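The lines below spell out each chain.
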Amino acid sequence: MMRKIERENTGLLQAGQDLVVAGYAGLAGTVKLAEAAKEELSRWFSDEYMEEIADAAPLCPVSPEFWRSCGAAEWEPAGEGGILTAIWNLTGAYETGVEFYLRQIPMRQETVEVCERLELNPYRLYSENCVLLAADSGSRLVRELKQAGIPAAVIGWAEKGIARKLRHGEEAAGYLERPQPDELLKLGL
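Below, the structure is looked at part by part. (Residues numbered from 1 in each chain as written. Predicted model: local features only at pLDDT ≥ 70, side-chain atom pairs only at ≥ 80, totals over all residues. Heavy atoms only, no water.)

Backbone geometry places Glu119, a non-glycine residue, at a positive phi of 55°. By the element assignment, Glu119 lies in the loop between helix 6 (109-118) and strand 4 (130-135). (Helix = DSSP H or I, 4+ residues; strand = E, 2+ residues; numbered from the N terminus.)

Moving on, we come to the state of the cysteines. Tallying each qualifying case throughout the model produces 0 disulfides. Looking at Cys115, it has no disulfide partner, and the nearest cysteine sulfur is the one in Cys130, 13 Å off. A residue is classified by how much of its surface remains accessible, and Cys115, at 1% relative accessible area, is buried. (Disulfide = S-S within 2.5 Å. Buried < 20%, exposed > 50% of the residue type's maximum accessible area, 1.4 Å probe, protein only.)

In this section: the pairing of strand 4. For strand 4, the buried fraction is high: 6 of the 6 residues fall into the buried class. Relative to strand 4, strand 1 (residues 18-22) runs antiparallel, the two being bridged by 5 bridges. The partner of Leu19 across the bridge, within strand 4, is Ala134. (Pairing = 2+ DSSP bridges.)

A word on the sheet that holds strand 5 (residues 152-159). Ordered in space as 2-4-1-5-3-6-7, the 7 strands form an open sheet in which the pairing is mixed. Bordering the open sheet on either side are strand 2 (72-78) and strand 7 (171-175), each of which pairs with just one other strand. Along the sheet, successive strands turn relative to each other by an average axial angle of 25°, direction set aside. Where strand 3 (residues 97-101) and strand 5 come together, 4 bridges link them in antiparallel fashion. When the sheet's bridge partners are listed, Phe100 is paired in strand 5 with Gly156. This element, helix 5 (residues 82-93), spans strand 1, strand 2, strand 3, strand 4, strand 5 and strand 6 (164-168) of the sheet and lies at about 135° to strand 2. (Axes fitted to C-alpha atoms, helices over the stretch in contact; angles between N-to-C directions. Contact = heavy atoms within 4.5 Å.)

The structure is reproduced here in structure tokens:
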């Protein structure tokens, strides 16, 4: 049984709505990893690439009024535990299911490469300034966000029931597991 989560937002998540990720999953964690594991990562990456990672600025947080004006009905900031925790929290708060495509989640190549080298899951990596949004029209929301300079993608949709279905490409990959500790904790950060 899922527990009800108190929401600060006044929106609503309903079956049939699209789920959109705004910002880059794991980018804030990638910046922290590049600083903390600089010596180890420098064996694999050039100094220029390491500087590029260190200078990668996650998107600035945007106000709830902005999300609403773009067409979002509800949202969940990603942070500790990454984007997968945000998906779990949002769907749990409304006791609704979800079907989403893992590879549709916006992520920078630097995040993928750093996590690969450090054997970490980028989807469970600290994701400050990345937000999961629900909207009646995900494509409209993505268009509005991109016009504002914010990378975004429709990753799935809310469904009736409580199943949290995860897909890789066209194939079902299973179900979303309960939130796990943030990947930064594996390195003591």
